[in-house]
Amino acid sequence: MKIKWTPQRLAILKYLDGNKEHPSAEDIYAALSKDFPTMSVATVYNVLEFLKKTGKIKEIHIDPEKRRFDPDITTHHHAICVKCKKVFDIFSDIKLPELSTYIPDFQILDARLKIYVLCPQCKNKEDLRLGFKEYKCTNCGAIRTAKHKPQKCPSCGSRGSLKEFKH
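Residues numbered from 1 in each chain as written. Predicted model: local features only at pLDDT ≥ 70, side-chain atom pairs only at ≥ 80, totals over all residues. Heavy atoms only, no water.

Comments concerning a nonpolar patch on the surface
For step 1, the next point in the chain: A contiguous nonpolar surface patch, about 440 Å² in accessible area, is contributed by Tyr-102, Ile-103, Phe-106 and Ile-108.
For step 2, the next point in the chain: Position of Tyr-102 among the secondary structure elements: in the loop between strand 4 (87-90) and strand 5 (114-117). (Patch = residues over 30% accessible without salt bridge, like charges linked within 9 Å, V, L, I, M, F, W, Y side chains within 5 Å. Areas by Shrake-Rupley, 256 points an atom, 1.4 Å probe, with all protein chains shown as cover. Salt bridge = Lys/Arg side-chain N within 4 Å of Asp/Glu carboxyl O. Helix = DSSP H or I, 4+ residues; strand = E, 2+ residues; numbered from the N terminus.)

Dropping the structure here:
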């Protein structure tokens, strides 16, 4: 399998080199699209698929909302913050039990540990409530924390003005 290394594709490769953020295709596109306005998300996905097939990166299945990629292909585990969704590498040799004992009829292809955590930044936030999101009113700027999107702003009463807010 060959690929023509255009400036956009080389930029994606450079972005991934040493990257510890476990980015998604959308993250990569957002970071590079300013410098490469003709680049598409499809280009990013195609390069990621090529790199995955050639063993240069691994797709990690940690986020059900988006595909994430890890340029570090060495054996390691991951800790995922349940609040901010950041992914942290764990390079310690954690002894897993002999899994074939529990699933004797299966061929084990890979065994990686995923640990769900609160990272230090999220753990120290006073207003941490798991499963809640913040919504900001486009009319008055009020911020509301709730499990589900409120129908109207609690401050100004306007309907349909609340948008999900991320710091």
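After presenting the structure, the write-up continues.
A few points about the environment of Ile-90
For step 1, the next point in the chain: Mapping Ile-90 onto the fold places it in strand 4.
For step 2, the next point in the chain: Classification of Ile-90 by relative accessible area gives buried; the value is 19%.
For step 3, the next point in the chain: Along the chain, Ile-90 and Ile-62 lie 28 residues apart, while their C-alpha atoms are 14 Å from each other.
For step 4, the next point in the chain: Contact partners of Ile-90, with chain neighbours within four places excluded, come to His-76, His-77, His-78, Ala-79 and Ile-115. (Buried < 20%, exposed > 50% of the residue type's maximum accessible area, 1.4 Å probe, protein only. Contact = heavy atoms within 4.5 Å.)

Some points on unusual backbone geometry
For step 1, the next point in the chain: Of note, the phi angle at His-22 is positive, near 55°, even though the residue is not glycine.
For step 2, the next point in the chain: Along the chain, His-22 falls in the loop between helix 1 (7-16) and helix 2 (25-32).
For step 3, the next point in the chain: You will see that Lys-85, though not glycine, has its phi angle at about 70°, which is positive.
For step 4, the next point in the chain: Considering the arrangement of structural elements, one finds Lys-85 in the loop between strand 3 (77-81) and strand 4.

As for the layout of surface pockets
For step 1, the next point in the chain: The space that makes up the second largest pocket amounts to roughly 220 Å³.
For step 2, the next point in the chain: Lys-58, Glu-59, Ile-60, His-61, Ile-62, Asp-70, Asp-72, His-76, His-78, Asp-110, Arg-112 and Lys-114 are the residues that line the second largest pocket.
For step 3, the next point in the chain: Looking at the lining of the second largest pocket element by element, the count peaks at three residues for strand 1 (residues 58-60).
For step 4, the next point in the chain: Taken together, the residues of the lining of the second largest pocket sort by class into two nonpolar, three polar and seven charged. (1 Å grid on protein atoms, 1.4 Å probe; cavity = no way out; pocket = protein on both sides within 12 Å on 5 of 7 lines; lining within 4 Å. Points joined across faces, edges and corners; volume = space filled by probe spheres on them. Nonpolar A, V, L, I, M, F, W, Y, C, P; charged D, E, K, R; others polar.)

Section: the side chain of Glu-59
For step 1, the next point in the chain: On the secondary structure map, Glu-59 appears in strand 1.
For step 2, the next point in the chain: Among the residues examined, Glu-59 registers a relative accessible area of 17% and is labelled buried.
For step 3, the next point in the chain: Of the polar contacts made by the side chain of Glu-59, one reaches the side chain of Lys-52; its length is 2.7 Å.
For step 4, the next point in the chain: In this structure, Glu-59 is in contact with Lys-52, Arg-67, Arg-68 and Phe-69, ignoring residues within four places of it in sequence. (Polar contact = N/O pair within 3.5 Å; in protein donor to acceptor, adjacent residues only side chain to side chain.)

Focus on the confidence of the model for the chain
For step 1, the next point in the chain: Across the chain, the average pLDDT comes to 86, with 95% of residues at or above 70.
For step 2, the next point in the chain: The secondary-structure element of the chain with the lowest mean pLDDT is strand 7 (residues 143-146), recorded at 79, while helix 2 shows the highest, at 95. (pLDDT = per-residue confidence, 0-100.)

Here we look at the sheet that holds strand 7
For step 1, the next point in the chain: Strand order across the open sheet formed by three strands is 7-6-8, with antiparallel pairing between neighbours. Each end of this open sheet is capped by a strand with a single partner; those strands are strand 7 and strand 8 (162-165). Neighbour-to-neighbour, the strand axes of the sheet open up by a mean angle of 35°, direction not taken into account.
For step 2, the next point in the chain: As paired strands, strand 6 (residues 133-137) and strand 7 are joined by four bridges and run antiparallel to one another. Among the inter-strand pairings, Glu-134 is bridged to a residue of strand 7, identified as Thr-145. (Pairing = 2+ DSSP bridges. Axes fitted to C-alpha atoms, helices over the stretch in contact; angles between N-to-C directions.)

Observations concerning the state of the cysteines
For step 1, the next point in the chain: Summed over all chains, the structure comprises zero disulfides.
For step 2, the next point in the chain: Here Cys-119 stays free of any disulfide, with the sulfur of Cys-122 as its closest cysteine sulfur at 3.7 Å.
For step 3, the next point in the chain: You can see Cys-153 has no disulfide; the closest cysteine sulfur is in Cys-140, sitting 3.7 Å from it.
For step 4, the next point in the chain: On the basis of relative accessible area, Cys-153 is assigned to the buried category, the value being 1%. (Disulfide = S-S within 2.5 Å.)

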